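These are the residues of each chain, in order.
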Amino acid sequence: MKPVTPASGKKSPPDMQLTTQRYKRIATWLLIVIVLVLCSIQTKVTPYQLIVGLPQMGSLLQEMIPPDWSYVPTIWGPMLETIQIAIVGTTLGGIIAVPVALLCAYNIMPNKLVSIPMRIVLNLVRTVPDLLFASIFVAIFGIGPFAGMLALVFFSFGIIAKLTFEAIEAIDPGPLEAMTAVGASRMQVIIFGVVPQALPYFISYFLYTFEVNIRAASVLGLVGAGGIGLLLDRSLGLFRYDRASMIILLTLVIVLVIDYGSTRIRRKLL
Amino acid sequence: MRGTTSYKPMGARIRFWVIAIVILAIYYWAFQGMHFEGIQATTKSVSLSILDGFLHPDWAYVYIPEGEDLLRGLLDTLIISILGTFVSAFLCIPFAFWASTNMSKRIAVSGSGKAVLSFIRVFPEIIVAILFIKAVGPGAFAGVLALGIHSIGMLAKLYSETIESIDSGPQEALIASGANRLQVLRYAVLPQVIPQFLSYSLYRFEINIRSATTLGLVGAGGIGTPLIFALQVRNWNRVGVILLGIVVLIILTDLISGWLRKRII
């Protein structure tokens, strides 16, 4: 299956192209290998470490099975708190996201002096990971679910506003033009033209962010921001791996149930 | 506008109200758990000192000739996400072929593959990182493994969707001319999917660099470790410069990776 090359004579232009392509490919792979080797030298991450670590991983898994079922009543409360944090955080983030999304969309806010700074702020908010927000808010407001909720407000605001303003920009301009032509005000155009078209997308993104936030909320406790993560941290610190695996198991079940429900609602919407 | 609202049938109206009451009840319950009154009295002074710290970042921390500084932390974070993405980009290829419906004749095979992938996806990467820290000890290695394993879930799903969407023409032509399975894979499937694979891997790299900044918060290497130390001793000037570094690093990698992705496709 090799490319056919003429046996003798000067190479034709397509052949030259093939050779340069091959050299380029070899150069790319070489570059990748060099970067990888440099990376593993810098951080001392080598396959050798993996081989050394494998037996330890095995014994860790052995200790995690079977999970400590008697721990369920204790973790049920923090688990519910995790869900509460996710619900409130997503909702407040979604509410703040609405005006910002409208201000970011070029077809609603043609004035670029407003929309471009809004977009820059949005991009800046989205660069900060949720756990970083949480660790800062824990420092400000103290340990507890309130810090976690605030972290999720900022985190989900970034996601929902970004996705929603892209959906708003993609809506059908027909109804908006018709309304403007008959003399509707900016507010009326938004309420009767934009909202009906963008609402299903908004709710869908809202639910998607909620799914993301349930996962995020389950680890917020590791930095002290409430929820189930605190207990996970504690049981890992006490080397109670059977309890840790119970917490992980319950989190998985809750995440799967919420994912399933939210996906069904989203399918109905779009 | 009011006169045009049509009256909905009774059943739809009852359904609407039931849903509304359920949602209100959920919100009532959720807000109960937030303890708004539990906010510390020191909040104001702490916020002011944080603001002061952010306005006067600890520039001396950016580069210290000997030992731990911002640039080395960011470099470690970058390396963890590069290696993690690389590990998962290769590990997920067999998973992707396992989970794609057009690569196996039985639906049970691809169905089980998809189930395994969604199982991997539910684990938050921080939890994966903690488990690896317990197994191989704290450090960059645990971070690389955590990202490598966690990313399989998403990458293999995207890869398998790419494989499912390929044109079956070249594949059939090769089979008709007597090529074996490996040759079909090499000359019909791979050329079609490689650009998309690369693009998805870069996209995942953008996500991984965000995760890598937080992995250090639990001890899995990178910039998160000095950040959590600075937070614990309330050294806000240092926190400010570290956050600034993280934001700059993420923006830069997003720009470079976005440019590369545009060139690939």
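Here is what the cut-offs are and how they apply
Residues numbered from 1 in each chain as written. Chains lettered and ligands numbered in written order. Predicted model: local features only at pLDDT ≥ 70, side-chain atom pairs only at ≥ 80, totals over all residues. Heavy atoms only, no water. UniProt positions renumbered as here; feature names shortened; annotations may be inferred. Helix = DSSP H or I, 4+ residues; strand = E, 2+ residues; numbered from the N terminus. Rg over C-alpha atoms; globule rule 2.2 N^0.38 Å. Buried < 20%, exposed > 50% of the residue type's maximum accessible area, 1.4 Å probe, protein only. Contact = heavy atoms within 4.5 Å. Expected span 1.5 Å × (residues − 1). Bend = angle between axes of the 7 residues up to and from the residue. Salt bridge = Lys/Arg side-chain N within 4 Å of Asp/Glu carboxyl O. Axes fitted to C-alpha atoms, helices over the stretch in contact; angles between N-to-C directions. Parallel < 35°, antiparallel > 145°, perpendicular 65-115°, else oblique. Left-handed = near helix turned anticlockwise from the far one by under 90°. pLDDT = per-residue confidence, 0-100. Domains from an automatic or database assignment. Phe/Tyr/Trp six-rings, centres within 6.5 Å; stacked < 30°, edge-to-face > 60°. Lys NZ or Arg CZ within 6 Å of the ring centre and 35° of its normal. Polar contact = N/O pair within 3.5 Å; in protein donor to acceptor, adjacent residues only side chain to side chain. Buried area = accessible area lost by both parts, 1.4 Å probe.

Named according to an unreviewed UniProt entry, chain B is Phosphonate ABC transporter, permease protein PhnE originating from Paenibacillus selenitireducens. Its UniProt record gives chain B a comment under Sequence similarities (unreviewed entry), which states: "Belongs to the binding-protein-dependent transport system permease family."

Trainee: Which parts of the structure should I look at to understand the overall build of chain A?
Mentor: Of the regular secondary structure elements, chain A holds 10 helices and 0 strands. Each helix and strand of chain A, ordered N terminal to C terminal, gives the series α-α-α-α-α-α-α-α-α-α. A compact globule built from 270 residues should have a C-alpha radius of gyration of about 18 Å, whereas chain A, at 26 Å, is more than 25% larger. In chain A, which comprises 270 residues, the share counted as buried stands at 48%. The contacts in chain A between residues at least 6 apart in sequence include a share of 74% that link residues at least 24 apart.

Trainee: Even after reading the chapter, I still don't get the UniProt feature "domain: ABC transmembrane type-1" (unreviewed entry) in chain B, so can you show me in this structure?
Mentor: With numbering aligned to this structure, UniProt lists the feature "domain: ABC transmembrane type-1" (unreviewed entry) at residues 74–257 of chain B. When the span residues 74–257 of chain B is considered, its composition is 83% helix and 0% strand, and the gap between its end C-alpha atoms is 17 Å.

Trainee: Any chance you could explain helix 6 (residues 140–164) of chain B here in plain terms?
Mentor: Spacing of three or four residues puts side chains on the same side of an α-helix, whose turn is 3.6 residues. Residues and elements named next belong to chain B. With 25 residues, helix 6 ought to run about 36 Å at 1.5 Å a step, and its terminal C-alpha atoms sit 35 Å apart, in line with that. Remark: the principal bend of helix 6, roughly 40°, maps to Ile152. For helix 6, the tally of buried residues reaches 21 of 25 residues, placing the bulk of the element in the interior.

Trainee: Sorry if this is basic, but what is going on with the pattern of salt bridges here?
Mentor: Oppositely charged side chains can pair when the atoms bearing their charge come close. All names here are of chain A. One pass over the full model with this rule turns up 13 salt bridges over all chains. For Asp68, the salt bridge goes to Arg243, with nearest N and O atoms at 3.4 Å. Taken together, the positions of Asp68 in the loop between helix 2 (47–64) and helix 3 (72–104) and Arg243 in helix 10 (residues 241–269) put the pair 175 residues apart, joining distant regions of the chain. The salt bridge partner of Asp259 is Arg215, with a shortest N-O separation of 3.0 Å.

Trainee: Teacher, can you tell me more about the packing of helix 7 (residues 173–181) of chain A against helix 8 (residues 186–220) of chain A here?
Mentor: Describing two packed helices takes the angle between their axes plus the distance from one axis to the other. Residue and element names in this part refer to chain A. Across the interface, helix 7 lies against helix 8 with an axial gap of 9 Å and an inter-helix angle of 165°. The angle between helix 7 and helix 8 places the two elements in the roughly antiparallel class. Like other packed secondary-structure pairs, helix 7 and helix 8 cross with a definite hand, here right-handed. Listed contacts from helix 8 to Pro175, Leu176, Met179 and Thr180 of helix 7 are Gln188, Val189, Phe192, Gly193, Val194 and Gln197.

Trainee: How do you make sense of the UniProt feature "transmembrane region" (unreviewed entry) in chain B when you look at a structure like this?
Mentor: All names here are of chain B. Sequence positions flagged by UniProt for "transmembrane region" (unreviewed entry) are, in local numbering, residues 12–30, 78–99, 212–233 and 239–260. Annotation note: span residues 12–30, helix share 100%, strand share 0%, distance between end C-alpha atoms 27 Å. Counted over residues 212–233, helix gives 59% and strand 0%. Its end C-alpha atoms are 22 Å apart.

Trainee: Can you walk me through the confidence of the model for chain B in this structure?
Mentor: Note that predicted coordinates carrying low pLDDT should not be read in detail. Taken residue by residue, chain B gives an average pLDDT of 85. The fraction at 70 or more is 95%. ipTM for the predicted complex: 0.78, alongside a pTM of 0.82.

Trainee: Sorry, what's going on with the domain arrangement of chain B here?
Mentor: Interfaces are frequently sized by the accessible area removed from exposure as the parts join. On domain assignment, one finds that chain B holds domain 1 (1–33) and domain 2 (51–264). The gap between the C-alpha centroids of domain 1 of chain B and domain 2 of chain B is 42 Å.

Trainee: I would appreciate a short explanation of unusual backbone geometry in the present structure.
Mentor: Leave glycine aside and you will find that most residues have negative phi; peptide bonds, for their part, are mostly trans. Between Ile65(A) and the following residue, Pro66(A), the backbone shows a cis peptide bond with an omega angle of 0°. Here Pro66(A) is to be found in the loop between helix 2 and helix 3. Of note, Phe239(A) is a non-glycine position whose phi angle comes to about 60°, a positive value. Checked against the element boundaries, Phe239(A) lands in the loop between helix 9 (229–237) and helix 10. The phi dihedral of Arg234(B) is positive, around 55°, even though this residue is not glycine. Mapped onto the elements of the fold, Arg234(B) is located in the loop between helix 9 (224–232) and helix 10 (236–264).

Trainee: Whenever I open this one, the side chain of Asn213(A) confuses me. Can you help?
Mentor: Summarising the element assignment, Asn213(A) is placed in helix 8. With sequence-adjacent residues up to four places away left out, Asn213(A) is seen in contact with Ala86(A), Thr90(A), Leu152(A), Phe155(A) and Ser156(A).

Trainee: Explain the packing of aromatic side chains here, please?
Mentor: Aromatic rings considered in pairs are described by the distance between their centres and by the relative angle of their planes. As enumerated under the stated definition, the model contains 14 aromatic pairs over all chains in all. When the ring of Tyr201(A) is compared with that of Tyr205(A), the centres are 6.4 Å apart and the planes differ by 35°; the resulting orientation is tilted. Of this pair, Tyr201(A) and Tyr205(A) both sit in helix 8, 4 residues apart, which is roughly one turn of the helix. We classify Tyr201(A) as partly exposed; its relative accessible area is 37%. An aromatic cluster is present here, built from Phe133(A), Phe137(A), Phe141(A), Phe146(A) and Phe154(A) joined pairwise through their rings. One cation-aromatic arrangement involves Arg186(B) over Tyr187(B); the distance from NZ or CZ to the ring centre is 4.8 Å.

Trainee: Would you mind showing me how to read the environment of Ser112(B) here?
Mentor: All names here are of chain B. The residue Ser112 is located in helix 4 (residues 107–122) in this model. On the basis of relative accessibility, which here comes to 32%, the residue Ser112 falls in the partly exposed class. A polar atom in the side chain of Ser112 sits 3.4 Å from the side chain of Trp98.

Trainee: Help me understand the interface of chain B and chain A, please; the structure alone is not making it clear to me.
Mentor: Each partner contributes to the interface: chain B provides 60 residues, whereas chain A provides 58 residues. Approximately 5100 Å² of surface area, both sides summed, lies buried where chain B meets chain A, with 82% of it carried by carbon and sulfur atoms. At the boundary of chain B and chain A, one finds 0 salt bridges. Our enumeration of links across chain B and chain A arrives at 4 residue pairs in polar contact (both at pLDDT 80 or more). When residues in the side of chain B that touches chain A are grouped by element, the largest group, 8 residues, is from helix 5 (residues 125–136) of chain B.

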